[in-house]
Amino acid sequence: MKNRTLFVIIFVQFTLFFSHGYSQKVGIATEEPTETLDVNGSIRIREGAGSGLVLISDSAGAASWSPLSSAWDKYMICVTDYGAISEDGEDDTQAFITALDSAAAIGAKVCVPPGIFQLSSTLSIPAGVIMEGTNPGHDPLIAPYKGSVLEYAGSDWAIKMSQSNAGLRDLAIRDASGQAKGGLYIMAETHLVESLQFSRIQVYGFVNGTGIFLGGKNQKGVAYASFYDIRVRNAKIGIEINPEASGFANANSFYHGVISGGGFDYCLLVKGGTRNEFIGTVMEPYSTNKSHLKVEGGHIVGRGIWIEGSQQPKDRPLIEFAEETSGSTVEGAYAGGLIINRGSNTIKFSSSNSLVESDPGYNLIENPFFLGVSGNDIPSWFFTDPGIAVQVQDPELLPNFHVLKLSIPPGKRVFFGPENNSLPQAMGLSRDSYANFGGYVKTDHSHFAFVTLNADQGMITSIPHRADNEWQFVGLRGKSPAGAITPRFFFDNSAGTDSAVVYVSCPTFSFGNNLPILEAKPITSAGGVFNGVITQGMEEVVTPANHFLVLPKKGNLFQLSGIDYIARINHHGPDRFPKGTVITLLFENEGITILNTVYIQMVGSFQSTENSSLSLVSLGNGTWRELGRNL
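Quick summary incoming for the structure in this document. (Residues numbered from 1 in each chain as written. Predicted model: local features only at pLDDT ≥ 70, side-chain atom pairs only at ≥ 80, totals over all residues. Heavy atoms only, no water.)

1. Topic: the packing of aromatic side chains
Overall, the coordinates contain 24 aromatic pairs when judged by the stated rule. Summarising the aromatic geometry, the rings of Tyr 228 and Tyr 255 are spaced 4.8 Å apart at their centres and angled 15 degrees between planes, so their arrangement reads as stacked. With Tyr 228 in strand E19 (residues 226-228) and Tyr 255 in strand E23 (residues 253-255), the pair connects residues that are 27 residues apart, well separated along the chain. A residue is classified by how much of its surface remains accessible, and Tyr 228, at 40% relative accessible area, is partly exposed. When its relative accessible area of 22% is taken as the criterion, Tyr 255 is described as partly exposed. Ring-pair connections join several aromatic residues into one group, and the members of that group are Phe 370, Trp 381, Phe 383, Phe 416, Phe 437, Phe 448, Phe 489 and Phe 491. The residue whose ring lies beneath Lys 442 is Tyr 503, and the NZ or CZ to ring-centre distance is 5.1 Å. (Phe/Tyr/Trp six-rings, centres within 6.5 Å; stacked < 30°, edge-to-face > 60°. Helix = DSSP H or I, 4+ residues; strand = E, 2+ residues; numbered from the N terminus. Buried < 20%, exposed > 50% of the residue type's maximum accessible area, 1.4 Å probe, protein only. Lys NZ or Arg CZ within 6 Å of the ring centre and 35° of its normal.)

Right, here's the structure in full:
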């Protein structure tokens, strides 16, 4: 194994340099830029010395002048200079270790030429060192060759990283024995590990281990690592993010990677960490033993994900989020298969045979328009202090959403919120585990207007309005408590000496991971409350000569004209109105008779007068019953 000492002195025209504590003089370009060394080792520049040369020593300590570009070449340490020989059947571990240590001492890069190099023990990449090959091999579908290949024959991890600013490029890492724990192990244990760099790496054949692992412990973590065009092929777990409870793995990014081949339990397994991002990642196995994507803790962001899984059993999920997970967003395309979302996450995958529901974000507040106000009595709302002065003003932000002007007396702390019996309750859906509440607020009082919510960890409070007398949305999200949810606007004038004025509009409350919307929820078939104008469809109809009236289903109010009597209304199966549908017949002229039969059950005989009306309810089987008449 070769030993080499790198000794570099650079001098540039019109600049002073120091070597062994002695100054060099400025000169002009000549063929021989320096005079001989004196006994103390100082260098004296000749008259005429040029710029852009460096003094480099060889392994015997003899120095020579070379162009500046040669100095940068010397910062490229090659593992073969330290005894590594590819494909000779001998262990190259120590040569790699020595090369890595030498590179760390001077800030050099470690270069791995084409060939298969044998490793019996784990390599640890020092801080600031990049190990770079020529390419991962010319065929990604088989054991790679004709590239820079590290073939690991041990039972631990092939490569470990616990230092910052290090990385790997253009390499293949292969499990030679099939017994290794994994390919790349990144763990922060004694200090923060950040800004690692990986590019064009193939991790191959770790059939009983994990391709890439990220974790942290002891309040330390891995952050801001970047992975470009990483391929994991044939492993038990492709990528695993699994910090301990005392550590973290946050804000790491994976771009355009591929997880492919067979034997996988999981392509991607996430057990913790936040803000880890996967952009354009492909998960290509036709099937996995457990699932392609599993999130058990923490959360991720995935965009442009492609999941194959065309042979995945129908009862085995392709995508699975465990209970208590929240905040993840994954979107892309997949071949179709089971999706399970037990937490509160946004999953934007769908196929012809499987999908998951998303959070609608509907505004669930009753009377968000502040209609029906009398004094400080607002339907579906309450104040904790009855002495609040209330004025209702015209809408400013959205149509129909009135503005409340509230005057909070000095020395008061006032809560204003929906009445408990007007609020929806969290039920069994996973999206109900998070509640969102807020509204638009305007005030010029500092640290005065907040939003509060009783979450499972106790009462939480939002950031206050910024007190610039401009409209600002003030709101927050909290984990839903087991009992009743009590969202409130909170106005704190306890330290004030004068009344404080605040304006409120567009309050909103919703469940789930999506941001809430201001517009009110639609009325559902389960019932609903509405405030303000509601409009029904109105249609014009002429009484038929066969006396069997068929009304169009796009209306509830019908203006009837004609002279014929009516014996039946929409009695044929395709024409029937659903049970409970209420219609009103408006008669323009007198003399139209509605027969009292088993098809139309009347209180008594009915003959219209001019501008009279008759209300009926459908019994669902083609028959009707009278609700009321106006003759």
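2. Regarding unusual backbone geometry
One can expect most non-glycine residues to show negative phi and most peptide bonds to be in trans. The residue Asn 165 is not glycine, and still its phi comes out positive at about 60 degrees. Here Asn 165 lies in the loop between strand E12 (157-161) and strand E13 (167-175). Of the residues examined, Asn 165 reaches a relative accessible area of 44% and is grouped as partly exposed. A positive phi angle, near 55 degrees, is found at Arg 200, a position not held by glycine. For Arg 200, the position within the fold is in strand E16 (residues 197-204). What makes Arg 200 partly exposed here is its relative accessible area of 38%.

3. A few points about empty space enclosed by the protein
Scanning all chains against the criterion turns up three cavities of 30 Å³ or more. What the second largest cavity holds in volume is close to 50 Å³. Taken together, Phe 227, Ile 230, Ile 239, Phe 254, Tyr 255, Gly 257, Val 258, Ile 259 and Thr 281 make up the lining of the second largest cavity. Looking at the lining of the second largest cavity, the elements with two or more residues in it are E23 and strand E24 (258-260). When the residues that make up the lining of the second largest cavity are grouped by side-chain class, the tally is seven nonpolar, two polar and no charged. (1 Å grid on protein atoms, 1.4 Å probe; cavity = no way out; pocket = protein on both sides within 12 Å on 5 of 7 lines; lining within 4 Å. Points joined across faces, edges and corners; volume = space filled by probe spheres on them. Nonpolar A, V, L, I, M, F, W, Y, C, P; charged D, E, K, R; others polar.)

4. Brief notes about the nonpolar core
Counting residues in hydrophobic clusters, the biggest one holds 70 residues, and the most contacted among them are Phe 96, Met 131, Ile 159, Leu 168 and Phe 227. Here this core gets five residues from one element, more than from any other, and that element is helix H2 (residues 93-106). When neighbours within four sequence positions are excluded, Leu 168 is seen to be in contact with Ile 125, Met 131, Ile 159, Ile 173, Leu 184, Gln 197, Phe 198, Ser 199 and Ile 201. (Core = buried A, V, L, I, M, F, W, Y, C linked by side-chain atoms within 4.5 Å. Contact = heavy atoms within 4.5 Å.)

5. Here's the deal with the sheet that holds strand E44 (residues 538-542)
Pairing in this open sheet of six strands is mixed, and the strands run E44-E46-E48-E52-E53-E50 from one edge to the other. The open sheet has two edge strands with one neighbour each: E44 and strand E50 (600-601). (Pairing = 2+ DSSP bridges.)

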